[in-house]
Amino acid sequence: MAEGKEAYCVVLRKQADFFPFQELAALLSEALGVPVPDAAAGLRRNWGLLFRTGEIGRGEALREKLAAAGVGVAVVAASRLRPLPPLKIIRKISLSGEGMVAWTGHGAADCAGQTEIPWRAFESTLLCAGSYTEEEATGEAEAAKSGPGLSDIVKAAAITIATGMPPLGKLKPSREKTEAPAGRRKQGSYLDIISAAGQGEKISAFRICGESFDYSCLGKRKEYSSVLNFRKLAADLLSYLPRAIKNRGAMALEKGPLSGAGFRYNGKEEYEAERFWLLQLL
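Computed from a prediction, not measured in an experiment: that's the story for all the values here.

*Asks:* Would you mind going over the nonpolar core in detail, with residue names and values included?
*Replies:* The biggest cluster of nonpolar side chains holds 42 residues, and the ones touching the most others in it are L12, F19, L43, L50, L62, L126 and W277. Take this core: its biggest share by element is 6 residues, from helix α1 (residues 21–32). Ignoring sequence-local partners within four residues, the contact set of L126 consists of D192, I193, I194, I245, R275, L278, L279 and L282.

*Asks:* An account of the packing of aromatic side chains is requested, with residue identities and associated values reported.
*Replies:* Aromatic ring pairs are defined here through the distance separating the ring centres and the angle between the ring planes. Applying the stated criterion to the full structure yields 7 aromatic pairs. For the ring pair F213 and Y215, a centre distance of 5.0 Å and an interplane angle of 70° mean the geometry is edge-to-face. Assigned by exposure class, F213 and Y215 land together as buried. Here the aromatic residues Y132, Y190, Y265 and Y271 are joined through ring pairs into a cluster of three or more. Positioned above the aromatic ring of W103 is the side chain of K92, whose terminal nitrogen or guanidinium carbon lies 4.8 Å from the ring centre. Above the face of the Y265 ring, R248 is positioned so that its terminal group lies 4.1 Å from the ring centre.

*Asks:* Residues and numbers for the sheet that holds strand β4 (residues 88–95), please.
*Replies:* Hydrogen bonds between backbone groups are what pair the strands of a sheet, and the pairing can be parallel or antiparallel. Strand order in the open sheet formed by 7 strands is β6-β5-β4-β9-β8-β7-β10, with mixed pairing between adjacent strands. Every other strand in the sheet has two partners, leaving β6 (113–118) and β10 (245–246) as the edge strands with one partner each. Lying on the sheet, helix α6 (residues 226–240) is in contact with β4, β7 (124–136), β8 (184–196), β9 (203–209) and β10; it crosses β8 at an angle near 15°. Sheet strands touched by helix α8 (residues 268–279): β7, β8, β9 and β10. Its angle to β7, the strand with the most contacts, is close to 165°.

*Asks:* Outline the pairing of strand β5 (residues 99–104), listing residues and values.
*Replies:* For β5, a buried count of 6 out of 6 residues is recorded, marking the element as mostly surrounded by other parts of the structure. Burial of β5 is two-sided: the residues G99, V101 and W103 facing one way and the residues M100, A102 and T104 facing the other way are all buried. With 5 bridges connecting them, β4 and β5 associate as antiparallel partners. Across the sheet, the residue bridging to L95 is M100, located in β5. Where β4 folds back onto β5 in an antiparallel hairpin, the turn is made up of 3 residues.

So, how was this worked out
Residues numbered from 1 in each chain as written. Predicted model: local features only at pLDDT ≥ 70, side-chain atom pairs only at ≥ 80, totals over all residues. Heavy atoms only, no water. Core = buried A, V, L, I, M, F, W, Y, C linked by side-chain atoms within 4.5 Å. Buried < 20%, exposed > 50% of the residue type's maximum accessible area, 1.4 Å probe, protein only. Helix = DSSP H or I, 4+ residues; strand = E, 2+ residues; numbered from the N terminus. Contact = heavy atoms within 4.5 Å. Phe/Tyr/Trp six-rings, centres within 6.5 Å; stacked < 30°, edge-to-face > 60°. Lys NZ or Arg CZ within 6 Å of the ring centre and 35° of its normal. Pairing = 2+ DSSP bridges. Axes fitted to C-alpha atoms, helices over the stretch in contact; angles between N-to-C directions.

Here it is as structure tokens:
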């Protein structure tokens, strides 16, 4: 695609309780004339951002083919996709029938920033929850990640952030590969509250990190396990925001334990790709 030319994304417009992965992969394979594994690889990276092209005609042609199969999509200029602002980390929270008071900060003891938000301000809300394992890269590992040995998966994620969506197809192998020192593995549970007052309005984005949160808001219901406390807090928030769009992880929390397959993601990239797509549905 020529530099400076507008890019367009074909975006899945509705969220189903079950993301129809296999069905969509087969439809995209036929519509785009690419092998099913390549279409499936694109879906794994981008969820409901189905296709990116520099020609709006190609996007419209795909939209018509998918519409004929009963799949509703929209062709959106990549420059008009909603970006996610930096997440404000909530360290402590107070919930009531009127709204929530959130204390934000950078460390466990830093709760200087206090924000009061009435529930009526959450006119359009996305509630994402999930657990994934990632590497805490420090020192040599961090330097290696930013060098020419950057993995193909990280490259794909970088392209997604920069352009809205990488093209479908297999990733090209790196010409130069360097073995990065292994960092520590960290398992985390996260709950993101993202809201917009309306189309074009400023987006507010907050995050609760399950393992470093002050659960005193639970009162006598608080337990010694951060896992159990996380689920109770998530249930409380879901009860106050019943009309929120929920990701796969949040829906899994409503139905079963945190150990359920729906709550666990294969990695940070998968979690964020689903969240970025759902952000476009607000």
